[in-house]
Amino acid sequence: VWRPGDTLFLGFILEDKQKTLPATHPVTMELYNPRGQLVEKMIKAQGVNGFYSFAPVTDAEAPTGRWIAKVKVGGAVFTKDLKVESIMPNRLKIMFE
């Protein structure tokens, strides 16, 4: 769970066993807010041993709810739900005598 204003550290692992994709094939990550609006689009042309990292930042006034991260590689699309919520810290009332 993330809060509005946080950086979302996301990772994607691409395993190309048949080596059909070139080494510099682009991997696109799109971040959508709960209203379905595209917030950020990032493209990486190279990963490290098939690992691609993305770090989009949400706005401090961003809406809370279920966000969606979509990763597109060639004709394949992968999605992941992300929760961005306003969290109130737990507060304990303790009376000392």
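Located above this text is the structure these notes cover.
In what follows, the accompanying structure is described. Not measured: the values here are computed from a predicted model.

Overview of unusual backbone geometry
Part 1 of the argument: Phi at Lys 19 takes a positive value of approximately 55°, unusual for a residue other than glycine.
Part 2 of the argument: Summarising the element assignment, Lys 19 is placed in the loop between strand S1 (10-13) and strand S2 (27-32).
Part 3 of the argument: The class for Lys 19 is exposed, based on a relative accessible area of 68%.

A closer look at the packing of aromatic side chains
Part 1 of the argument: The tally for this structure, following the rule as stated, stands at one aromatic pair.
Part 2 of the argument: Taking 5.5 Å as the distance between ring centres and 45° as the angle between the ring planes, the aromatic pair formed by Phe 12 and Phe 78 counts as tilted. Here Phe 12, found in strand S1, pairs with Phe 78, found in strand S6 (residues 76-84); they are 66 residues apart in sequence, far enough to count as distant.
Part 3 of the argument: Note on Phe 78: relative accessible area 41%, which makes it partly exposed.
Part 4 of the argument: Between the NZ or CZ atom of Lys 44 and the centre of the ring of Phe 54, over which it lies, the distance is 5.8 Å.

Digging into the sheet that holds strand S5 (residues 65-73)
One key point about sheets: their strands pair by backbone hydrogen bonds, in either a parallel or an antiparallel sense.
Part 1 of the argument: In spatial order, the strands read S3-S2-S5-S6; together these four strands make up an open sheet with antiparallel pairing. Either end of the sheet is taken by a strand with one partner, and the two such strands are strand S3 (38-44) and S6. Neighbour-to-neighbour, the strand axes of this sheet turn through a mean angle of 15°, independent of strand direction.
Part 2 of the argument: Pairing geometry for S2 and S3, over six bridges, is antiparallel.

Criteria and thresholds
- Residues numbered from 1 in each chain as written.
- Predicted model: local features only at pLDDT ≥ 70, side-chain atom pairs only at ≥ 80, totals over all residues.
- Heavy atoms only, no water.
- Helix = DSSP H or I, 4+ residues; strand = E, 2+ residues; numbered from the N terminus.
- Buried < 20%, exposed > 50% of the residue type's maximum accessible area, 1.4 Å probe, protein only.
- Phe/Tyr/Trp six-rings, centres within 6.5 Å; stacked < 30°, edge-to-face > 60°.
- Lys NZ or Arg CZ within 6 Å of the ring centre and 35° of its normal.
- Pairing = 2+ DSSP bridges.
- Axes fitted to C-alpha atoms, helices over the stretch in contact; angles between N-to-C directions.

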